[in-house]
Amino acid sequence: MQDHPLKHLVSSSKKFDSRLGRPARRVFKLGALASASALFLAACSSSNDPGSLLEASQTVGTIPRAALDASAAAPLVGSAAKCDVQVIGLNYLTRGVKGEETNASGVLLMPSGTDAACKGPLPLLAYGRGTEVSKGRSLASMTDGETGALAAFFAGQGYAVVASDYLGYAKSAYSFHPYLHADSEATATIDAIRAARQVAKEKGQALSGKLMLYGYSQGGHVSMATHKAIETDAALSAEMGLVGAGHGAAPAALSTALQAATPILYGQVFIPFLVTAWQKVYGNVYAKPSDAFKAPYAEGIESILPSATTNFEGLLAQNKVSPNVGGDWLSAMFTDGFINDLKNSPNSGIMQAAKKNDLVASGWTPKSSTMLCAGSGDPVVLYPTAQALAAAKWKSSTNVTAVDVDTQAKGFAQQLWAGQSAAQKAGYGNSIDTYTFINYHGTLAPPLCLAAVKGLFDKLK
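Position labels on residues start from 1 in each chain and follow its written sequence. This being a predicted model, a pLDDT of at least 70 is required before a residue's local features are given, and a value of 80 or more before pairs of side-chain atoms are given or counted; all residues contribute to the totals for chains, interfaces and linings. With hydrogens and water excluded, all non-hydrogen atoms of the structure serve as input to the side-chain values.

### Some points on the overall build of the protein
Numbering of helices and strands starts at the N terminus; helices are DSSP runs of H or I of at least 4 residues and strands are runs of E of at least 2. A tally of helices and strands in the protein yields 18 helices and ten strands. Computation of the radius of gyration draws on C-alpha atoms, with the globule rule given as 2.2 Å multiplied by the number of residues to the power 0.38. The C-alpha atoms of the protein give a radius of gyration of 21 Å, which matches the 23 Å a tight globule of 461 residues would have. Taken along its principal axes, the extent of the C-alpha atoms in the protein is 60 × 60 × 45 Å. Here the protein holds 461 residues, and 58% of them are scored as buried. Partly exposed residues are those whose accessible area sits between 20% and 50% of the maximum for their type, while under 20% is buried and over 50% is exposed, using a 1.4 Å probe and protein chains only.

What follows is the structure, given as structure tokens:
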């Protein structure tokens, strides 16, 4: 059988990807290619302006072009890498949910090399990563899958790329992560853009002033929240220079999705994360955890995400959340009263919070060239209450395009399934349908949406 160009894009040896909501980390690995860490020679800014660096940016290492071309992502990129990529860590000033000063960390991927595409002026892509369970994860890493994919698809092709770790992760001192809170997602991203521009200036790398936005899963909500924030503020719009945006599998229609109360795949992690985060932001989602959560999950539920001690599998194994992946975790974890509030109480605390962070129902319509990308078979961010609603809302806007990668994702699954061992197939009950279902959101669709949105951005840069 002829080898399909997508077959080796990811490894699928695990029964499920513990990082659902972002491309699998095995999309790209560098390991021994990491060079010794070195401080980028730039003075920290003394400014208290959002986006100011709180310490000198740190060059973690350089990814050579040859490594990009040899990566599993290369077949979808469309052309050989033009640039080496510097991986630079950022620690910058931003704001919390009440506008208070705090910090966040992130990564800047900076092209380098003799090709004209690497010299600039360079366009800047701001990226939103998917849901993360582990508090310590930083994108400023030579072995991070999302960082590697961004290097292969964009930075190696002459884009500068910046991505925030978000509030409450990595170097951020913030006390929690405000999950799917649109305002703080936008400010963390906008301030990362400012930090990236500062580092580029200090490094002597010219940027074109053109900005693109993209994110996947939670990151799709992040990119869309940032998109809206920029386009609804004249001063921000003038500062940012936004020319295009893509939003991948974005849970943007949150009030509709939550009201449906449909148990999504691995929602026993995502929904408690959402509920407890919104309680910390707004204070009126529930009076006490046991009003929303059943025993034994109510105890300690507010402190498990993000976790400094365990990962996705650990949460399931330790019964921190319902371990029943294929069953009704919603009724197992949440009280009848809370589920009733979702379905029937539009003025309940949880639904008020959902409406505040619902980007489809917000009244905003994208002005820039925009791509909505997702797969209609996605079992995590459900297509009918996500992309389909957004596409329908903005169908009269000629600048908005919707892309469904379902056919490609299923073809990708068939190619990967053919390469599975007998033991691996047995882990999925010898069912390609189960394999596709489990891997759809976190492994199959993400690289296809990266390729699609790159096609748009290449026309705009």
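### Some words on the packing of aromatic side chains
When two rings of Phe, Tyr or Trp (its six-membered ring) have centres within 6.5 Å they constitute a pair, described as stacked for plane angles under 30 degrees, edge-to-face for angles over 60, and tilted for the intermediate range. Counting across every chain of the model gives 13 aromatic pairs. Ring centres of Trp 417 and Tyr 428 lie 6.3 Å apart, and the angle between their planes is 70°; on these two criteria the pair is classed as edge-to-face. Here the residue Trp 417 occupies a position in helix α16 (residues 406-418), and Tyr 428 occupies one in the loop between α17 (422-427) and α18 (432-460), the gap between them amounting to eleven residues. Of the two residues, Trp 417 and Tyr 428, both sit in the buried class. For the pair Trp 417 and Tyr 435, a centre-to-centre distance of 5.3 Å together with 55° between the ring planes defines the contact as tilted. Of this pair, Trp 417 sits in helix α16 while Tyr 435 sits in helix α18; the two residues are 18 residues apart in sequence, bridging distant segments of the chain. Overall, Trp 417 belongs to the buried group, its relative accessible area being 12%. The class of Tyr 435 is buried, set by a relative accessible area of 0%.

### Quick look at the nonpolar core
The term nonpolar core refers to a set of buried residues drawn from Ala, Val, Leu, Ile, Met, Phe, Trp, Tyr and Cys, joined through side-chain atoms within 4.5 Å. Core analysis: the largest hydrophobic core is formed by 103 residues, its most contacted members being Leu 109, Phe 154, Tyr 214, Val 275, Trp 278, Phe 334 and Phe 457. Two residues qualify as a contact provided that any one of their heavy atoms is within 4.5 Å of a heavy atom in the partner residue. Leave out the neighbours within four places in its chain, and Leu 109 touches Val 85, Gln 86, Val 87, Thr 147, Leu 150, Ala 151, Ala 155, Tyr 159, Ala 160 and Val 161. In this structure, Leu 122, Ala 200, Ala 225 and Ala 245 belong to the second largest nonpolar core, which totals 42 residues.

### Points about the pattern of salt bridges
The term salt bridge refers to a pairing of a side-chain nitrogen on Lys or Arg with a carboxyl oxygen on Asp or Glu at a separation within 4 Å. The tally for this structure, following the rule as stated, stands at eleven salt bridges. A salt bridge links Glu 55 to Lys 171; the nearest nitrogen and oxygen atoms lie 2.7 Å apart. Here Lys 171 lies in the loop between β6 (160-164) and α5 (182-203) and Glu 55 lies in the loop between β1 (38-39) and β2 (58-63), a separation of 116 residues in the sequence. Among the residues examined, Lys 171 registers a relative accessible area of 45% and is labelled partly exposed.

### Regarding the layout of surface pockets
As defined here, a cavity is a set of points on a 1 Å grid over the protein atoms alone where a 1.4 Å probe fits but cannot get out. A pocket is an open set with protein on both sides within 12 Å along at least five of seven lines, and residues line them when an atom is within 4 Å of a point. Grid points are joined across faces, edges and corners, and a volume is the space filled by probe spheres set on the points. Empty space within the largest pocket amounts to approximately 440 Å³. In this structure, the largest pocket is lined by 27 residues; those nearest its centre are Ala 257, Leu 258, Ile 264, Ile 271 and Val 380. Breaking the lining of the largest pocket down by element, the ones donating at least two residues are α8 (254-260), α9 (267-282), α12 (329-333) and α13 (336-344). A class-by-class count of the residues in the lining of the largest pocket yields 22 nonpolar, five polar and no charged. Ten residue types, Ala, Val, Leu, Ile, Met, Phe, Trp, Tyr, Cys and Pro, are classed as nonpolar, four, Asp, Glu, Lys and Arg, as charged, and the remainder, Gly among them, as polar.

### Some points on empty space enclosed by the protein
Applying the stated rule across the entire model yields five cavities of 30 Å³ or more. For the second largest cavity, the calculated volume is near 50 Å³. Lining the second largest cavity we find Met 224, His 247, Ala 249, Ala 250, Ala 252, Leu 372, Ala 386, Gln 387 and Ala 390. Residues that form the lining of the second largest cavity fall into these classes: seven nonpolar, two polar and no charged.

### Quick word on the state of the cysteines
One way to say it: the disulfide is the covalent bond shared by the sulfur atoms of two cysteines. The disulfide criterion used throughout: a pair of cysteine sulfur atoms within 2.5 Å. The final tally for this structure, using the stated rule, is two disulfides. Note that Cys 83 is cross-linked by a disulfide to Cys 118, the S-S spacing being 2.1 Å. On the sign convention where negative means left-handed, the S-S torsion of about -100° between Cys 83 and Cys 118 marks this disulfide as left-handed. Here the residue Cys 83 occupies a position in the loop between α2 (74-77) and β3 (84-95), and Cys 118 occupies one in helix α3 (residues 116-119), the gap between them amounting to 35 residues. Both residues of the pair, Cys 83 and Cys 118, belong to the buried class. The disulfide bridge from Cys 373 ends at Cys 449, spanning 2.2 Å between sulfur atoms. Here the disulfide of Cys 373 and Cys 449 is left-handed, its torsion about the S-S bond being about -85°. Highlighted residues: Cys 373 in strand β9 (residues 369-374) and Cys 449 in helix α18, separated in sequence by 76 residues.

### Things to note about helix α6 (residues 218-231)
Any helix carries an expected span of 1.5 Å times its number of residues minus one. An ideal rise of 1.5 Å per residue puts 20 Å on 14 residues; α6 measures up with 20 Å between its terminal C-alpha atoms. The buried fraction of α6 is high, at 13 of 14 residues.

### What about the packing of α16 against α18?
Remark: α16 packs on α18, axes separated minimally by 9 Å, with the N-to-C direction vectors making an angle of 115°. Helix-helix and strand crossings are classified by hand; for α16 and α18 the assignment is right-handed. On α18, the residues touching Asp 406, Gln 408, Ala 409, Phe 412, Ala 413, Gln 414, Leu 416 and Trp 417 of α16 are Ile 432, Tyr 435, Thr 436, Tyr 440, Thr 443, Leu 444, Pro 447 and Leu 448. Of the residues contributing to the contact of α16 with α18, the split by class is eleven nonpolar, four polar and one charged. Comment: axis = line fitted to C-alpha atoms, over the contacting stretch for helices; angle = value between 0 and 180 degrees taken between N-to-C directions. Should the near helix be turned anticlockwise from the far one by less than a right angle, the crossing is termed left-handed; should it be turned clockwise, right-handed.

### Examining the side chain of Thr 276
Tracing the backbone shows Thr 276 in helix α9. For Thr 276, a relative accessible area of 2% translates into the label buried. Counting of polar contacts relies on pairs of N or O atoms within 3.5 Å, with two restrictions inside protein: one atom must be capable of donating a hydrogen and the other of accepting it, and residues adjacent in sequence are counted only when both atoms are side-chain atoms. Within the local environment of Thr 276, its side chain forms a polar contact with the backbone oxygen of Phe 273, the two atoms lying 3.3 Å apart. Dropping the residues within four chain positions of it, Thr 276 is found in contact with Tyr 286, Phe 293, Ile 301 and Glu 302.

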